[in-house]
Amino acid sequence: MKYLIKILLKSYLVIRFVAYYIIEMIKANLLIAADILSVNPKMTPGIVRIKLDVTSDQEILSLFNLLSMTPGSLSIDVSDDKKCIYVHGWNIDDVEKFKQEIKTNLEKRVLEIFR
């Protein structure tokens, strides 16, 4: 019974994550399309170093790939000690806000699924 509850909880978390990620993908696509089609694009690209809470190779790889699949961001590298990730962002107005969005939204959800 305990095992069944754990499987159901993980299934719920995965379904919730997929729904969240699809919505984020749509929003990112719309923002980039609007920026590309605008007369005066407000693009402020940059590379940001983000400290990681994910620790296992599987968690790091998942976060790395999810960031790269999201329009407007590209994972560049993981530090040798696997404690930081370097991400290129299409439009980074506020570096701390950019980092916080990745930490509280994407990384937090990756941790929920894998732990």
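Residues numbered from 1 in each chain as written. Predicted model: local features only at pLDDT ≥ 70, side-chain atom pairs only at ≥ 80, totals over all residues. Heavy atoms only, no water.

Student: Help me understand the environment of F17, please; the structure alone is not making it clear to me.
Tutor: Positionally, F17 belongs in helix α1 (residues 2-37). Note on F17: relative accessible area 10%, which makes it buried. (Helix = DSSP H or I, 4+ residues; strand = E, 2+ residues; numbered from the N terminus. Buried < 20%, exposed > 50% of the residue type's maximum accessible area, 1.4 Å probe, protein only.)

Student: What is the right way to read α1 from this model?
Tutor: One turn of the α-helix equals 3.6 residues, which is why residues spaced by three or four share an orientation. Under the 1.5 Å per step criterion, the end-to-end length of α1 is 53 Å for 36 residues, consistent within 8% with the ideal 52 Å. Along α1, the residues classified as buried are L13, F17, Y20, Y21, A28, I32 and D35. Contacts made by the buried residues of α1 are with α2 (57-69) and α3 (95-114). (Expected span 1.5 Å × (residues − 1). Contact = heavy atoms within 4.5 Å.)

Student: Hey, could you run me through the pattern of salt bridges in this one?
Tutor: Side-chain pairs of opposite charge can arise whenever the charged atoms involved come near each other. Applying the stated criterion to the full structure yields seven salt bridges. A salt bridge links E96 to K99; its shortest N-O distance comes to 3.8 Å. Linking E96 with K99, this pair stays in helix α3, spanning three residues, or about one helical turn. By relative accessible area, E96 is classed as exposed at 52%. Residue K103 pairs with E107 through a salt bridge whose shortest N-O separation is 2.6 Å. Taken together, the residues K103 and E107, both in helix α3 and four residues apart, mark about one turn of the helix. (Salt bridge = Lys/Arg side-chain N within 4 Å of Asp/Glu carboxyl O.)

Student: Just checking my understanding: could you explain the nonpolar core for this structure?
Tutor: Soluble globular proteins tend to bury their nonpolar side chains together. Residues F17, V54, L67, I85, V87 and L106 are the most contacted members of the largest nonpolar core, which totals 21 residues. Every element with two or more residues in this core is listed here: α1, β1 (46-51), α2, β3 (84-89) and α3. If one sorts the elements of this core by residue count, α3 sits on top with six residues. Once residues lying within four places of it in the same chain are set aside, the contact partners of I85 are V48, R49, I50, L52, F64, L67, S75, D77 and V78. (Core = buried A, V, L, I, M, F, W, Y, C linked by side-chain atoms within 4.5 Å.)

Student: Help me understand the packing of aromatic side chains, please; the structure alone is not making it clear to me.
Tutor: Evaluation of the coordinates by the stated rule reveals two aromatic pairs. Relative to Y21, the ring of F17 has its centre 5.9 Å away and its plane inclined at 20 degrees; by these criteria the two rings are stacked. Taken together, the positions of F17 and Y21, both in helix α1 and four residues apart, correspond to about one turn of that helix. Exposure class is identical for F17 and Y21. Each is buried. Through pairs of rings, three or more aromatic residues link up here, namely F17, Y20 and Y21. (Phe/Tyr/Trp six-rings, centres within 6.5 Å; stacked < 30°, edge-to-face > 60°.)

Student: Is there a simple way to explain the pairing of β3 in this structure?
Tutor: Here is the key point about a regular strand: its side chains alternate between the two faces of the sheet. Strand direction decides the pairing type here: β1 and β3, joined by six bridges, are antiparallel. Its bridge partner being in β3, I50 is matched across the sheet by I85. If you look at the hairpin formed by strand β2 (residues 73-78) and β3, you'll find five residues sitting between the two strands, and K82 has a positive phi there, around 60 degrees. (Pairing = 2+ DSSP bridges.)

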